[in-house]
Amino acid sequence: MSGLFTWLPDLLLAAMLVGLGWATVSSTDLRRSVALFIAFGLLLSIAWARLRAPDLALAEAALGAGLSGALLLAALRDEPPAGAVPEGLPRWLRTLVDLLAASLALALAWVLWETLSEPAPARLGEAALSALERSGVSNPVTAVLLNYRAYDTLLELVVVLTAVLGVVTLGRERPGYRRAGPVLYSLVRWLVPLLILAAGYLLWIGAQAPGGAFQAGATLAAASVMLRLSGIDSAGLPNGLAGRLVLRVTLSAGVGLFLLVGLGVMGTGRGFLHYPPAWSGGLILLIETAATLAIAAALALAFRGGRPAGWEADDPDHSPRERRP
Amino acid sequence: MSLTLLYALTGTALFLLGLRATLLHAGLLARVVALNVSGAGVFLILVAIAYREAGQPVDPIPQALVLTGLVVAVSATALALALHRRLIKEQAHE
Amino acid sequence: MSDLLIWPIVTPLAAALLALVWPSRATSIGIVAAGLTLLSTLRVAWQVSRDGVLELALGGWSPGLGIALRADGLSAILLAMSGLVSMAVAVYASVYFAGSAQRAGFWTLWLLLLTALHALFLSGDLFNVYVTLELMGLAAVGLAALGGGREALQAALRYLILGLLGSLAFLAGVAVVYAGFGSLDMATLAGVAAPVPAAWVALTLMTGGLIIKAALFPLHIWLPAAHANAPAPVSAMLSALVVKAALYLVVRLWLEIFDGVVTSAAAWVIGVPGGIAVVWGSWAALRAARLKLLAAFSTVAQLGYLFLFIALAAGLPAGEPRAAVMTALVLMAISHGFAKSAFFLGAGIVMQRAGHDRIAELGGTARALPLTTFTLALAGVALVGLPPSGGFLAKWQLLTTAIASGQWIWLPVVGLGTLLAAAYLFRLLGHAFAPGEGVGPRLAVGREEIPALALALTATLLLGLGAAGLWELIPVSAYAGRGL
């Protein structure tokens, strides 16, 4: 009986996750489904905390539930009022999809059962922890992200940059929001400095404790989203013609500095991204600082939904179509 | 049954629920939400693999992979939504 | 230490950043970067042919804990093809996008796509491969949407959603691999992968994700619209390189890393759709009303052949015949890469001149654009697989192996596919040589016509006559633990 009692919270959490996930994907009302998705993200960050992944709990709250949620909520505004529902799949194909999903679920569940029931084999975790003192940081997740697998993180920053460049080439930003009333406005004036402070703290503490560039960047972006929602169109991003270069440099700063450090250490006779151990801590903090700014700028731009005024030197009003009738 | 297994199976369920919904939904926004749920399922599997009972250190590698995956998911969501918005505009012009 | 492995990745990446902060010089930056990247890919290929497999443990951490870049025969050949094709595309695009408002946007995304492709070909780590797949997908979608217009945007959106689904399935497979084998390093995995349930399920998930991206029938549905509605330089990159990247991974997984896991029965699972794709894709290309749509459907058919090769090779025991099939597969893949990029660039020239690409209204093309018509015909020869093209040698190998291993069923498939391909080529040429004014008067040869011609000549003459080098490079493998 005591077994069941200690298991109860986890069973409950797992059941709620599946239930909320199911409700999210099966709701026919878009608003409802987005709201459920945000709740799902918050529940997920509890699961991360339960699974001893506090870095992920922070990131999920800021990125998964927070920014994805904000992006989806903003996108709800774009939906045409009575959007014609496109044709769904024919029935036989729906049945096929159901069969496929069910059989994949069974196969995956069976294999996970087989593999995970046994005591965990020596995976790479032990190696990661024993090399920790040579990594320059003491938070193992940061060590993986910015040292052992720094190359993954470099490419991941490139992914963020690519996505946001795709967004800006697709069209101009959404119109801004109405100026907020005095209450919200003063709340934002309080919250934004706090968020900036929190971002700085997350960035700094990431070396030893949960936190780091991604959580910090997302927090900064959240500050920008708040400014935008309260009617301040520039939302903290450099604006206009003078700011164009600043914005472009900020966006490329994360990848750029990463590359500079990676290539710079080659100048000392080491391999690409092979930091001298004595310098690792400092170099990692340097990279993370640039990455925080770049991620924040990218996510803030993504929330605006397109290129801001003055992104191009001669911004055309309408993007020209391909030379085809 | 261990905690790892419980959450790995939960992740499996979410992965395939999301995958199925992505294929079956017709509207873009609903598909993007479903994709995100599906992705969360895969992340849950990875983090469950990393879990160890209290007293033993957890495996940081899958956790770092999931952090990477989260950022990729947000980026992809942003691009999909921007494409969708542009498409709606084009359709309104016609 | 093989630091030279980073340059094919770092060069286009650095150039993309430069183009972003200095948009007014984006075209020059793009062309110079394409040239430097080409040199770096050729350098890698040359080094591999001299010294064998190259490995670079990034950050100085042992592969497994850290990430390794590796170049062997297969990746070196694909890398060099990518360098050559993208150089030609860069020259063409500098004319195509001149004066366009999307010029700067094109070049940054294009350089990022190049970064992703090269990172993928060189990656030695399964999770890193997932990141490169996502990067490649997002860059490709951004480029495919540049055309604007409802059809292009709809196609790009469908491409994005299916591509994301594919990467997610791949990631799920990676998770199972890590649970079952405790490593993500591909060379380590090649040593430990055993025919256990974890390997089967992981391989199924990863393959499922990849065949969406490689557009294997019936999961090709996104390809024709996406490739046909993108701007011509983008279509060339997508058809020649991007689908090949996914195919490359299937080859790595099926024939090398999980070699001991794949059974000859499993090979039919990709062989049969491949065979259907050959016939169906060629048939759809024959019926296509537009030139770029014809090219896109022909890509579906050509991918079908490549999957046939994989199935055939998977059914053979390691040894001489299998290495021959592998080599023919690579020859077919790069010959299609050169020919299809030439074809799309040629189609783009016709389209810009005529203002449309409706095949039935292309009368007079041969008179107005003789060089481009010649390019299209030459590329067509390689696509059909007539001698002396690389495609011919590859198909010949396919047929002899199919006969030798008793798989007669593929003979009529290849025969029918070739006949249909010849039919769509002659249908196109028939319209192009017909009298008409659709394309306007004859003008001097333009700079944009040269790269397409160079690509077509490579596919038809250079590869056919110089294929011998491939036979030595392909067996140099970083992952074939049991030997080819």
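This structure is a prediction, so every number in the text was calculated from the model and none was measured.

Turning our eyes to something else, we now look at the overall build of chain B. What chain B contains, in helices and strands, is three helices and zero strands. A principal-axis box enclosing the C-alpha atoms of chain B has dimensions of 65 × 25 × 10 Å. Counting over 94 residues, chain B shows a buried share of 77%. Long-range contacts, defined as pairs at least 24 residues apart, comprise 52% of the intrachain contacts of chain B with a sequence gap of at least 6.

Counting secondary structure elements, chain C contains 19 helices and two strands. Here chain C has a C-alpha radius of gyration of 21 Å; the compact-globule value for 484 residues is 23 Å, and the two agree. Considered along the principal axes of its C-alpha atoms, chain C spans approximately 65 × 55 × 40 Å. With 484 residues in all, chain C has 71% of them scored as buried. A sequence separation of at least 24 residues applies to 81% of the contacts in chain C between residues at least 6 apart.

Listed as interface residues are 57 residues of chain C and, on the opposing side, 54 residues of chain A. Elements that contribute at least two residues to the side of chain C that touches chain A include exactly α1 (7-21), α4 (103-122), α5 (126-144), α6 (149-181), α8 (197-213) and α13 (320-354) of chain C. With ten residues, α5(C) is the single largest residue contributor to the side of chain C that touches chain A. Residue composition of the side of chain C that touches chain A, by class: 33 nonpolar, 22 polar and two charged.

Bringing the interface of chain B and chain A into the picture now. Often the size quoted for an interface is simply the accessible area lost on bringing the parts together. Across the boundary between the two partners, chain B contributes 59 residues, which contact 76 residues of chain A. Put simply, the parts of the chain that give the side of chain B that touches chain A at least two residues each are α1 (3-24), α2 (28-50) and α3 (60-93) of chain B. In terms of residues, the side of chain B that touches chain A owes the most to one element, α3(B), which gives 24 residues. Taken together, the residues that form the side of chain B that touches chain A break down as 43 nonpolar, eleven polar and five charged.

Looking now at unusual backbone geometry. Cis peptide bonds are those with omega within 30 degrees of zero, and the linkage from C:Phe217 to C:Pro218 qualifies with -5°. In this structure, C:Pro218 sits in the loop between α8 and α9 (223-229). Geometrically, the link from C:Pro387 to C:Pro388 is a cis peptide bond, its omega value of 10° lying close to zero. Tracing the backbone through its elements, the reader meets C:Pro388 in the loop between α15 (370-384) and α16 (390-404). The residue A:Leu273 is not glycine, and still its phi comes out positive at about 65°. Considering the arrangement of structural elements, one finds A:Leu273 in the loop between α10 (240-267) and α11 (280-304).

Bringing the packing of α1(B) against α2(B) into the picture now. Residue and element names in this part refer to chain B. The contact between α1 and α2 brings their axes to 7 Å, and the two run at 160°. Classified by the angle their axes make, α1 and α2 are roughly antiparallel. When you trace α1 past α2, the crossing you get is left-handed.

A few words now on the environment of C:Leu58. Mapped onto the elements of the fold, C:Leu58 is located in the loop between β1 (54-57) and β2 (68-71). For C:Leu58, a count of 26 C-beta atoms within 10 Å translates into the label buried. Sequence spacing of C:Leu58 and C:Ala68 is ten residues, and the spatial spacing of their C-alpha atoms is 5.7 Å. In contact with C:Leu58, not counting residues within four places along its chain, are A:Tyr151, A:Gly271, A:Phe272, A:Leu273, C:Gly66, C:Ile67, C:Ala68 and C:Leu69.

The rules behind these values
- Residues numbered from 1 in each chain as written.
- Chains lettered and ligands numbered in written order.
- Predicted model: local features only at pLDDT ≥ 70, side-chain atom pairs only at ≥ 80, totals over all residues.
- Helix = DSSP H or I, 4+ residues; strand = E, 2+ residues; numbered from the N terminus.
- Buried ≥ 20, exposed ≤ 12 C-beta atoms within 10 Å, placed from the backbone.
- Contact = placed C-beta atoms within 7 Å.
- Rg over C-alpha atoms; globule rule 2.2 N^0.38 Å.
- Nonpolar A, V, L, I, M, F, W, Y, C, P; charged D, E, K, R; others polar.
- Axes fitted to C-alpha atoms, helices over the stretch in contact; angles between N-to-C directions.
- Parallel < 35°, antiparallel > 145°, perpendicular 65-115°, else oblique.
- Left-handed = near helix turned anticlockwise from the far one by under 90°.

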